[in-house]
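Remarks on the overall topology
Here is what each chain is made of, one letter per residue.
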Amino acid sequence: MAEKKKLTRAERLEKEKEANLKHWMEQDEILFKHREEAYNIGGEKQLERLAKQNKSSVRVLISDLIDPGTEFFEVGLDAGYNIGQVKLYGGEIYESEKRGHIPGAGLVTGVGTIHGKDCMIFANENRYAAGTYFPITLKKHMRAQAIAERCELPCVYIADSGGINLPLQLGCFADDGHFGTMFYNMCRMSAKGIKQYTLSTGGNTAGGAYIVYLASESIMIEKMAYAFLAGPPMVKSAIGETVSMEDLGGAYVHTQHSGGCDHFVRSQAEGIQKLRDIIEFEPSQKLYTERRKTVEPKFDFKEMMRNNPVNTYHGIDIKETIKCIADDSYFHEYKPTYGPGRGTSIIAGKMWLKGIPVGVIASSGNGVIYIDAARKAIEWMIRCGNSNLPVLYLQGSPGYMIGKDEEWNGIGKYGSDMVRTTSVLNVPKLQYVIGPDHGAANYGMCGRAFKPVFCFTNMRGRTTVMSGETAGFIVESVRRKNIIAKGQEVNEEEMGAFRQMMRDRYDAEGHPFLTGSLLFHDGVIAFSESRDKLARALELSLRVAPQRTDWGDLKV
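Residues numbered from 1 in each chain as written. Predicted model: local features only at pLDDT ≥ 70, side-chain atom pairs only at ≥ 80, totals over all residues. Heavy atoms only, no water.

A count of helices and strands for the protein gives 21 helices and 16 strands. Whereas a compact globule of 556 residues would reach a radius of gyration of roughly 24 Å, the protein reaches 26 Å, a difference of no more than 12%. With respect to the principal axes defined by its C-alpha atoms, the protein has extents near 85 × 65 × 60 Å. In the protein, which comprises 556 residues, the proportion classed as buried is 54%. Considering only contacts within the protein whose residues lie at least 6 apart along the sequence, 76% involve residues at least 24 apart. For the protein, the exposed surface amounts to about 25500 Å²; the carbon and sulfur share of it is 53%. (Helix = DSSP H or I, 4+ residues; strand = E, 2+ residues; numbered from the N terminus. Rg over C-alpha atoms; globule rule 2.2 N^0.38 Å. Buried < 20%, exposed > 50% of the residue type's maximum accessible area, 1.4 Å probe, protein only. Contact = heavy atoms within 4.5 Å. Areas by Shrake-Rupley, 256 points an atom, 1.4 Å probe, with all protein chains shown as cover.)

Next comes the structure, spelled out in structure tokens:
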């Protein structure tokens, strides 16, 4: 029998890279398929229903609204998927009402360009539960409003909603962040000069009617759009009056009599054109940076895939990713030789991204943040803040280094100052999760709680308090101690099964689809999209001038 040829190190590495490429190509195909359900919610049956009402789907309306040849920059697409399986945010009640799976959370949100102006668009998905609001729908709506306010983007509402989904009212009505906050946000943005425009394409009942009434300018469609504080059944019940929807709150009522709406149109197409006519008067938007000519990278996204190990916890040379994102694959690294082996778990520097200069803080190697790496990150954030340079965090860190030596030498102090610097850094910040995203590293690397303008992940990202392996070890250790303390014998087979259960549970809870379902990020980005999506997010973030940073009580 012939002896099998032993692969050289170079051959072995090439084989691993090809396996990586194949795996991430397959994962991105899963991602694209995952999106299709939100794009085509309800399938042909719902399209046929809308056609009978002379309506187009909201995604067609958005396509007609934005400038030809431009792309809709969607945020929050992953919200609501299988949300009933998650105990957080009322999972059980979703299940009891048979609403445990709400692709897209029943709302489409994202930035579209209209007459050259970037606008945040909100469109009720009338193909699902009459466009009503669930708790996750509200969270998605508020997130899009927060982005719009942060970037000072005009807001466009394509409104067709039955208001709060009544069986789930407990999670929708009375608290801060519930239904009323939509209207509070509209009023506050309007007062700041951020215009609010509404096209009503269907029913807007109870609180939903305020989307029409509170707009800077609103449009209603004849015999298609309605707005009233209470619909005909409630009017009949409350005061005994019988009235049709059209006579109670149709387009002619609010444009000719109540004054609650400003423009009367006869079709969706006419309404879309009227919206475009209104927004044409919006002032041109600035880009608060000096943009240079875009130069494509020397390496494409497939090279990025090749250099990202299949196992999320295997080390990564982040420069192999950066060279596929940066203009001309050029990266100006800060302190490249500082702290050999301990300072290199974070790479810092700057690059151009489609002509826009941006600072970078990036996890590398195994991503564990040592004292030297934290110091470097702090210094670089201070330099970016003082230079008004936006920062992109490429997060793939499982946490800060632990142990006696680290604690004695100040890992807590430097780690907390990294968290403080991230918190107060007053330039546009973006986070892109590309690997493990655990514990305090999520904080120091600008996780959702630290208010990045946009927060994305790819299919390699895993966001949990720690890895399943670590969590399993900790809980198992406690279990073992308790069993031994009771004088009982440890069943190793049961312990092995428990360890695997914890690994599986944490992997599932940290998966981009689940974290996206709960809106822990703004979307899962495919490798092939990473450069374009990040550049667009950076551009939107710079619609507002960076502000001066007050660094607070840094201890560095």
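Further notes follow.
Moving on: the sheet that holds strand S12 (residues 391–395). The strands making up a sheet are joined through hydrogen bonds of the backbone, oriented either antiparallel or parallel. Within the open sheet, the six strands sit side by side as S9-S10-S11-S12-S13-S15. Their pairing is mixed. Here the strands that pair on one side only, and so sit at the sheet edges, are strand S9 (332–334) and strand S15 (454–457). In this sheet, neighbouring strand axes are inclined to one another by 20 degrees on average, regardless of whether the strands run parallel or antiparallel. Note: S9 against strand S10 (residues 346–353), three bridges, orientation antiparallel. Following the sheet pairing, Glu333 is matched in S10 by Gly349. Relative to the sheet, helix H21 (residues 530–541) contacts S10, strand S11 (356–363), S12, strand S13 (429–433) and S15, its axis offset from that of S13 by approximately 160 degrees. (Pairing = 2+ DSSP bridges. Axes fitted to C-alpha atoms, helices over the stretch in contact; angles between N-to-C directions.)

On the surface, Phe473, Ile474, Val475 and Val478 cluster together into a nonpolar patch covering about 350 Å² of accessible area. Residue placement: Ile474 occurs in helix H18 (residues 468–485). (Patch = residues over 30% accessible without salt bridge, like charges linked within 9 Å, V, L, I, M, F, W, Y side chains within 5 Å. Salt bridge = Lys/Arg side-chain N within 4 Å of Asp/Glu carboxyl O.)

Looking at helix H3 (residues 58–65), one finds that the buried residues are Val58, Arg59, Leu61, Ile62 and Leu65. The buried residues of H3 occupy an angular sector of 155 degrees when the element is viewed end-on, so they sit on one face. (Arc of directions from axis to C-beta.)

In this section: the packing of helix H5 (residues 135–151) against helix H6 (residues 179–191). The interhelical angle for the contact between H5 and H6, taken along N-to-C directions, is 15 degrees, at an axis separation of 9 Å. Relative to H6, the element H5 lies roughly parallel. For the pair H5 and H6, the crossing hand works out as left-handed. Facing Leu138, His141, Met142, Gln145, Ala148 and Glu149 of H5, the residues of H6 in contact are Phe179, Thr181, Met182, Asn185, Met186 and Met189. Split into classes, the residues belonging to the contact of H5 with H6 amount to seven nonpolar, four polar and one charged. (Parallel < 35°, antiparallel > 145°, perpendicular 65-115°, else oblique. Left-handed = near helix turned anticlockwise from the far one by under 90°. Nonpolar A, V, L, I, M, F, W, Y, C, P; charged D, E, K, R; others polar.)

With respect to the secondary-structure elements, His178 resides in the loop between strand S4 (155–161) and H6. Within polar-contact distance, the side chain of His178 engages the backbone nitrogen of Phe173 at 3.3 Å. Each residue touching His178, except ones within four places of it in the same chain, is listed here: Leu138, Met142, Leu170, Gly171, Cys172 and Phe173. (Polar contact = N/O pair within 3.5 Å; in protein donor to acceptor, adjacent residues only side chain to side chain.)

Here we take up unusual backbone geometry. Although it is not a glycine, Ser329 sits at a positive phi angle of roughly 60 degrees. One can find Ser329 in the loop between helix H13 (319–322) and S9. Of the residues examined, Ser329 reaches a relative accessible area of 17% and is grouped as buried. Look at Leu519: it is not a glycine, yet its phi comes out positive at around 65 degrees. Inspection of the secondary structure assignment puts Leu519 in the loop between helix H20 (512–517) and H21.

Limitation: the analysis is restricted to geometry and does not speak to function.
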